[in-house]
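# Observations on the three-dimensional arrangement
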Amino acid sequence: MITYNHGSYIAQAIEGVVSQQVNFSLELLISNDCSTDQTKAICITYQQKYPGIIRLIDREQNLGMNMNFIDTLQRCNGKYIALLCEGDDYWIA
């Protein structure tokens, strides 16, 4: 999940992922691309709430959407990767 200034939406996006009922382990990578709003604080709160699921990448320098996406994708560990859930999207269970 890449994000930039999605403070108004990021909590719902994260909740949509962690609320999925699955029979396998789940990892959510959130890559904050130097947001200037409350996105980082919200992501940290969720990382602390779900330490076994959420891994936060907090950029020190803005990479832009494409490079942030590519780098985040390369850091994924899972056998399968779900795409198209960014910081202003959400899934329903």
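As the structure is a prediction and not an experimental result, all values here were calculated from the model. For every chain, the first residue of its written sequence is number 1, and the numbers climb from 1 along that sequence. In keeping with the predicted nature of the model, local features appear solely for residues at pLDDT of at least 70, side-chain atom pairs appear and are counted solely at 80 or more, and the whole-chain, interface and lining totals rest on all residues. Here the side-chain values reflect all heavy atoms present in the structure, with hydrogen atoms and water set aside.

## Comments concerning the pattern of salt bridges
Within this document, salt bridges are pairs made up of a side-chain nitrogen of Lys or Arg and a carboxyl oxygen of Asp or Glu, the two lying within 4 Å of each other. Counted according to the given criterion, the structure contains five salt bridges. The partner of E27 in a salt bridge is R55, and the shortest N-O contact between them spans 3.0 Å. A residue pair is termed long-range when its members are at least 10 positions apart, and E27 in the loop between α1 (10–18) and β2 (28–32) and R55 in strand β3 (residues 54–58) qualify at 28 residues. Note on exposure labels: buried denotes an accessible area under 20% of the residue type's maximum, exposed denotes more than 50%, and partly exposed covers the range between, all computed with a 1.4 Å probe on protein chains only. Since its relative accessible area comes to 29%, R55 is described here as partly exposed. Helical segments are the DSSP runs of H or I of at least four residues, strand segments are the runs of E of at least two, and each set is numbered from the N terminus.

## Remarks on the confidence of the model for the chain
Per-residue confidence from the predictor is given as pLDDT, running between 0 and 100. With 89% of its residues at a pLDDT of 70 or more, the chain shows a mean pLDDT of 90. Looking at the elements of the chain, mean pLDDT is at its lowest for α1, recorded as 92, and at its highest for helix α2 (residues 39–49), recorded as 97.

## Focus: the nonpolar core
The nonpolar core is taken to be a set of buried Ala, Val, Leu, Ile, Met, Phe, Trp, Tyr and Cys residues, with the residues joined through side-chain atoms within 4.5 Å. Formed by 13 residues in total, the largest nonpolar core has its most connected members in M1, I10, I14, L28, I30, C43 and I54. Elements that contribute at least two residues to this core include exactly α1, β2, α2 and β3. A per-element tally of this core places α1 first, with five residues. Other than its neighbours up to four places away in sequence, I14 contacts M1, L28, I30, C43, Y46 and I54. Whether two residues are in contact is decided by their heavy atoms, any of which lying within 4.5 Å being enough.

## Focus on the environment of A82
Structurally, A82 is set in the segment after α3 (65–74). With 54 residues separating them along the chain, A82 and L28 place their C-alpha atoms 9.6 Å apart.

## Quick notes on the side chain of S31
By secondary structure assignment, the location of S31 is in strand β2. Since its relative accessible area comes to 0%, S31 is described here as buried. Under the rule applied, a polar contact is a pair of N or O atoms within 3.5 Å (in protein, one hydrogen donor and one hydrogen acceptor; residues adjacent in sequence only if both atoms are side-chain atoms). A polar contact of 3.1 Å, which involves the side chain of S31, links it to the side chain of R59. Reaching out from S31, the side chain makes a polar contact with the side chain of N68 at a distance of 2.4 Å. Setting aside residues up to four positions removed in sequence, S31 forms contacts with M1, I2, T3, I57, R59, N68 and T72.

## So, the pairing of β2
The buried count for β2 comes to five of five residues, which makes it a mostly enclosed element. Residues L28, I30 and N32 point to one face of β2 and L29 and S31 to the other, with burial holding for every one of them. Examined bridge by bridge, strand β1 (residues 2–3) and β2 share two bridges and lie parallel to one another. Bridging from a neighbouring strand, T3 pairs with N32 of β2. In this description, strands pair whenever DSSP reports at least two bridges between them.

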